[in-house]
Amino acid sequence: MSAAAEPLLTVRDLRSYLATGQGVVRAVDGVSFTVGQAEVLGVVGESGCGKTVTCRTIMGLMPTRTTYRSGAVIYHPRGDGNILDLREGELQSLRGAQLAMIFQDPMTALNPVRSIGDQLIEAVTAHARLSRSEAHDRAAALLTRVGIPAPDRRMRDYPFQFSGGMLQRALIAIALASAPRLLLADEPTTSLDVIIQDQILSLLLELQRDTGMSMILVSHDLAVITQVCDRIIVMYGGQVVEEGDTATIITAPRHPYTRALLGALPQAGQRGKLNSIPGAPPSLINPLTGCRFAPRCPLATDECTSWETELVETDGAGHRARCWRHHEVGRSKVWQASDSA
Amino acid sequence: MSQTWATSPSEILLKVAERAAGRTRRTARRRLVLISGLTMLGIAIIAIVGAPLLVRASPTALDVLHPLVPPLSPGHLLGTDQYGRDNLSRILYGGRIDLAIAFGATSVTLVFGTVVGLVAGYFGGWIDNLLMRIVDLFFAFPFLVLIIAIIAMLGPSIFNMFVAIWITSWVSYARIMRAQTVVAKKQQYVLAARALGYGRLRVMLRHILPNTASAVIIFSMVDAIGNIILAASLGFLGLGAQPPTPEWGTMISDGQNYILSSWWIATLPGLAIVFVGVAFSLIGDGLADVLRPGDR
Amino acid sequence: MSRFGNLPRRLVHLVVLLFGITLVTFFLLRLIPGDPALAILGSSYTHARATAIDISLGLNKPIWTQYGLFMDRLFHGSLGYSFFYNSPATTVILQHVPPTLFLVVYSAVLAAVISLPLGFISGLRRGGIVDQSTRVFFTISFAMPAFWLGIILLLVFSVHIQAFPISGFGSGFIGHLYYLFLPALTIALGFSTVLVRSLRASTIATMQAEFVDTARMKGISRARVLRRHVFRNAVLAVVAVYGVNLAYLISGTVLVENVFSLPGLGQLLVNSVSDRDYPVVQGVALLFAVLIVAINLLTDITQASLDPRVGQEIGE
């Protein structure tokens, strides 16, 4: 459980609107959450629900000309200021040294024409003044730490000579080069084989425990999230629809969407039809009034479409859901058996 | 949707973003480019084809009494050359040759080169090898040198310009089309068509071609400009249209000697070339936007 | 694993290509109508003298034998004898190389200087003032024939403003730079249109790549990101375009040398064709072709050294 100390990161009413030829895409529409010290927060939701844009907005990596942001992101070790207001120069001192991010597809996340070593050393020297050999040694040590053997030789290689799993390890090394306190991992295992997925997840967990850094793990795969995270927020249509600690959410979800996600998880030994969620993800341009999940929700009533949604306290500390019928969201069948949590 | 405040943060943000999105949508009206290009070309074609109706003076009539008359003089809007021939009518009549090359030479090479590229890319193997070696051989020679050599062989004339371009220009299209075909061959839609048992010819013509044609069509606009300039260059070197037939390139060459005193003889035909060239450029850009939106 | 693993195969292709070039050059020339003896002797033409010239040029032998003799001479470093210049063709050609070579290199450098910054900035700030004005400028200049542009530049800068000389090659390195500025600029502008467009598109595509985000995420300065990641990758696409168009540029020199009265290979070629000076025409055409092949090879090598993935591709 996270310490009762001050949180590491607070996100308050974050909005990220993208101006496109088709209109304004409200990719992130009022998202709030906190990340505690040494805590792993999971962000789960379908493709297009705003998870990636949230992370990129926090890091300041959204295209500046077409992105309109409001809200606050507070990184507490730096003070109470909103880091969204920082200039590019000031943001640079945060990136790498305090906040780091790894991206979804390792094959495209590295510069193809420069060696792995080059790019890793660039990360290592970004916030520290080191001599050539010091930097080289630091880089080699990082590679070993993430499980890449023969680092001296591999540092001379180019990205196309690495497999997907190894590339992801190298990216983790790059992200950790300046010892950040918060790592944002955007679908780090999605492009990888299942076996490698496990390895990478274990690696991340191990590193998190050893360094005491916090992590935001983004995935559309609930199974991945539940293995690793202390707390979870569930996103839908650019909004947070449920938040709470992992155990509670997977045993007693309080939002129909979460319930449906859990229900869709294939069981070991399951045969026959997989449970999918009917309908399609909502449009983020001109979103519906009221609850955005209503069109696909088994519990929806007429009132749902006119209710101005907000996160409602359900049972227990810190467990909230964006549904006024939350008490009717039944226990998930999936986890009823392992109800010892 | 009821609002507690009239101007909540999200409302303000939305307004700002919407204004920006509106801007984006407006710039998305790039059809303007295509339309301007087509309009310019249309004007040029009408003026050139309708030359007899627009100008009284004959382009070849000598008027030794009125040589080197400057533009905006009575009876000669654009002046006369050293033989007293009316500049405006020479420009309009002269444009016929260059426009004919732009359309006639380009279209033939477009078709031929596309076919060769399609065949080479689709069948691969020794056919591809052979055809592309021939293409490489053509590419090894500086373009103009080869054309000059061919015209030297056949004798300078307008028709031989066409022939020279037909012989040499198809290679660019072949290369582009082959590259496109090789990529297209591996796409899902082609594999699906083959799996359904469609014949090779049908797959090539009705599946691959429509999806890859945009590249060669857009290139043909660039090529048209190149061909006009080529025709003018040959005229300039004395290897194209022969006197007294007016042609933009020959006019520029004639005017070179009088450049200091009578700039209009050499300068104005060049402006005509630029006008038509820009028209083709705009059409090419406009087509690129329409056929492949989002590339800009 | 060698980055240039493909090179031996490419060299074989090259030799085959060069053979093909000599073949085409040789036969193309023989097909041009016109009697060289007539052209050489002019008004002092007699049948006896013509026959003598035919024999010394080897024109009385069957064509394949002529080709054999030509190739044999070629391997011994000779291109034949030019009656017009009264010296070995090789000498004549070599005399005309410097201006053309200088012009080509000068134009290439100028083109790079003009187009790299403009293309890069156009791509970074899409729709900005640099982008829009560059596009307008180059759309117009692309439609200008090189020789016409040369004439206009001459008119404005040499005649009216008198900032540059009208013709000639000048002496000394600085002299060359000065005299050849206008002709090189003429060629470079045409060349730059394609380069700017290419770099712009390449920059836009590269900016969207995820590795740029990774680089930014590290906390390095924006300038470093642009220099070592964006530019470095965007420029790759341009190298290929550069190489191909450099070949076109060579044919551009033919026209520009005419307008600016430069004693280079282009002038030599045009004059020799009308003179029916076979050895010289052959030599120049061959030289051009070899130059183009060399440039293509250089382009490939540059690409391979800049992009480690290139050497891995099998075939072309």
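Since the model is a prediction, treat every value here as computed from it, not as a measurement.

Novice: Help me out: how do you make sense of the overall build of chain C in this one?
Specialist: Across its full length, chain C carries 13 helices and 2 strands. When burial is assessed residue by residue, chain C has 40% of its 316 residues classed as buried.

Novice: How do you make sense of the overall build of chain A when you look at a structure like this?
Specialist: Regarding its fold elements, chain A presents 11 helices and 11 strands. Its C-alpha radius of gyration of 21 Å places chain A within 12% of the 20 Å reference for a compact globule of 341 residues. Here the C-alpha coordinates of chain A stretch approximately 65 × 50 × 45 Å along the principal axes. Across chain A, every contact between residues at least 6 apart in sequence was considered, and the portion connecting residues at least 24 apart equals 66%.

Novice: Would you mind going over the packing of helix H5 (residues 125-140) of chain B against helix H7 (residues 158-185) of chain B with me for this structure?
Specialist: Residues and elements named next belong to chain B. Across the interface, H5 lies against H7 with an axial gap of 9 Å and an inter-helix angle of 130°. If you check the angle between H5 and H7, you find them oblique. Once H5 is placed against H7, the crossing between them reads as left-handed. Residue-level inspection shows Met 132, Val 135, Phe 138 and Phe 139 of H5 in contact with H7, the latter providing Thr 168, Val 171, Ala 174, Arg 175 and Arg 178. When grouped by side-chain class, the residues that make up the contact of H5 with H7 number 6 nonpolar, 1 polar and 2 charged.

Novice: Just to check I follow, could you spell out helix H3 (residues 116-124) of chain A for this structure?
Specialist: Think of an α-helix as turning once every 3.6 residues; residues three or four places apart then point the same way. Residue and element names in this part refer to chain A. In terms of burial, H3 is a largely internal element, 8 of the 9 residues being buried. Taken residue by residue, H3 has Ile 116, Gly 117, Gln 119, Leu 120, Ile 121, Glu 122, Ala 123 and Val 124 as its buried positions. Those residues of H3 hidden inside the fold are in contact with helix H4 (132-145), helix H5 (151-154) and helix H6 (164-176).

Novice: Help me understand the pairing of strand E8 (residues 231-236) of chain A in this model?
Specialist: A regular strand places its side chains so that they alternate between the two faces of the sheet. Residues and elements named next belong to chain A. Most of E8 sits inside the fold, with 6 of its 6 residues counted as buried. Here E8 shows no split at all, with Arg 231, Ile 233 and Met 235 on one side and Ile 232, Val 234 and Tyr 236 on the other all buried. Both strand E3 (residues 40-44) and E8 contribute to a ladder of 4 bridges, which runs parallel. Following the sheet pairing, Val 44 is matched in E8 by Val 234. Hairpin connection, E8 to strand E9 (residues 239-245): the antiparallel pair is bridged by 2 residues, and Gly 237 has positive phi, about 55°.

Novice: Even after reading the chapter, I still don't get the pairing of strand E5 (residues 99-102) of chain A, so can you show me in this structure?
Specialist: Residues and elements named next belong to chain A. Across the two faces of E5 the burial is the same, with Leu 99 and Met 101 and Ala 100 and Ile 102 all buried. Where E5 meets strand E6 (residues 182-186), 4 bridges bridge the pair, whose relative direction is parallel. Across the sheet, the residue bridging to Ala 100 is Leu 183, located in E6.

Novice: What is the right way to look at helix H7 (residues 194-211) of chain A in this model?
Specialist: For H7(A), which comprises 18 residues, the first-to-last C-alpha distance of 26 Å matches the rise-based estimate of 26 Å (1.5 Å per residue) to within 8%. Immediately beyond the C-terminal end of H7(A), within one or two residues, lies A:Gly212, with a positive phi of roughly 70°.

Novice: Can you walk me through the sheet that holds strand E1 (residues 9-20) of chain A in this structure?
Specialist: All names here are of chain A. Here 3 strands make up an open sheet; going across it, the order is E2-E1-E4 and the pairing antiparallel. Looking along the sheet, the strands with just one partner apiece sit at the ends: strand E2 (23-35) and strand E4 (67-75). Within the sheet, the average angular offset between the axes of one strand and its neighbour, ignoring direction, is 10°. Bridge analysis of E1 against E2 gives 10 bridges, and the strand direction is antiparallel. Pairing of Ala 19 across the sheet is with Val 24, part of E2.

Novice: For this particular structure, what's the right way to read the environment of C:Gly264?
Specialist: The residue C:Gly264 is located in the loop between helix H11 (222-259) and helix H12 (265-275) in this model. Discounting chain neighbours no more than four positions away, the residues touching C:Gly264 are C:His96, C:Pro99, C:Thr100, C:Leu103, C:Thr253 and C:Glu257.

Novice: Where do I start with the nonpolar core in this structure?
Specialist: A general trend in soluble globular proteins is that nonpolar side chains are found buried together. With 247 residues, the main nonpolar core has A:Leu120, A:Ala173, A:Ile216, B:Ile228, B:Ile273 and C:Val284 as its most contacted residues. A per-element tally of this core places helix H9 (residues 200-237) of chain B first, with 15 residues. Apart from residues no more than four positions distant in its own chain, B:Ile228 is found in contact with B:Asp98, B:Ile101, B:Ala102, B:Ile273, B:Val276 and B:Gly277.

Novice: It is not clear to me how the environment of A:Gln168 should be interpreted in this structure. Could you clarify?
Specialist: Note that A:Gln168 resides in helix H6. Note: C-alpha distance between A:Gln168 and A:Thr189 (21 residues apart in sequence) is 8.4 Å.

Novice: Looking at this model, I keep getting lost on the sheet that holds E5(A). Mind explaining?
Specialist: Sheet strands pair by backbone hydrogen bonding; their relative direction is either parallel or antiparallel. All names here are of chain A. Reading across the sheet, the 8 strands line up as E5-E6-E7-E3-E8-E9-E11-E10 and stay open at both edges, with mixed pairing between neighbours. Strands with a single pairing partner mark the edges of an open sheet, and in this sheet they are E5 and strand E10 (312-313). Of the strand pairs in this sheet, E9 and strand E11 (residues 320-321) are connected by 2 bridges, and their pairing is antiparallel. Its bridge partner being in E11, Glu 242 is matched across the sheet by Ala 321. Lying over the sheet, helix H1 (residues 51-59) contacts E3, E5, E6, strand E7 (214-219) and E8, oriented at roughly 145° with respect to E6.

Novice: Looking at this structure, how should I read unusual backbone geometry?
Specialist: Trans is the prevailing form of peptide bonds, just as negative phi is the prevailing case for residues other than glycine. Residues and elements named next belong to chain A. Residues other than glycine seldom take positive phi values, yet Ala 179 does so here, at roughly 55°. Topologically, Ala 179 is positioned in the loop between H6 and E6. For Glu 187, which is not glycine, the phi dihedral falls at a positive 50°. Residue placement: Glu 187 occurs in the loop between E6 and H7. When the 21 C-beta atoms within 10 Å are taken as the criterion, Glu 187 is described as buried.

Novice: In this structure, what is going on with the packing of helix H10 (residues 248-256) of chain B against helix H11 (residues 264-291) of chain B? I would like to understand it.
Specialist: The angle between the axes and the distance between the axes are what describe a pair of packed helices. Residue and element names in this part refer to chain B. Across the interface, H10 lies against H11 with an axial gap of 7 Å and an inter-helix angle of 155°. If you check the angle between H10 and H11, you find them roughly antiparallel. The handedness of the crossing between H10 and H11 is left-handed. Contacts from Trp 248, Met 251, Ile 252, Asp 254, Gly 255 and Gln 256 of H10 reach H11 at Ile 265, Ala 266, Pro 269, Gly 270, Ala 272 and Ile 273. Grouping the amino acids of the contact of H10 with H11 by side-chain chemistry returns 8 nonpolar, 3 polar and 1 charged.

Novice: How should I be thinking about the confidence of the model for chain A in this particular structure?
Specialist: Do not read the predicted coordinates in detail wherever pLDDT is low. Mean pLDDT over chain A works out to 87, with 96% of the residues at or above the 70 mark. Between residues 334-341 of chain A, whose pLDDT stays under 50, and residues either more than four places distant or in other chains, the model counts 9 contacts.

Each value, and the rule that gives it
Residues numbered from 1 in each chain as written. Chains lettered and ligands numbered in written order. Predicted model: local features only at pLDDT ≥ 70, side-chain atom pairs only at ≥ 80, totals over all residues. Helix = DSSP H or I, 4+ residues; strand = E, 2+ residues; numbered from the N terminus. Buried ≥ 20, exposed ≤ 12 C-beta atoms within 10 Å, placed from the backbone. Rg over C-alpha atoms; globule rule 2.2 N^0.38 Å. Contact = placed C-beta atoms within 7 Å. Axes fitted to C-alpha atoms, helices over the stretch in contact; angles between N-to-C directions. Parallel < 35°, antiparallel > 145°, perpendicular 65-115°, else oblique. Left-handed = near helix turned anticlockwise from the far one by under 90°. Nonpolar A, V, L, I, M, F, W, Y, C, P; charged D, E, K, R; others polar. Pairing = 2+ DSSP bridges. Expected span 1.5 Å × (residues − 1). Core = buried A, V, L, I, M, F, W, Y, C linked by C-beta atoms within 7 Å. pLDDT = per-residue confidence, 0-100.

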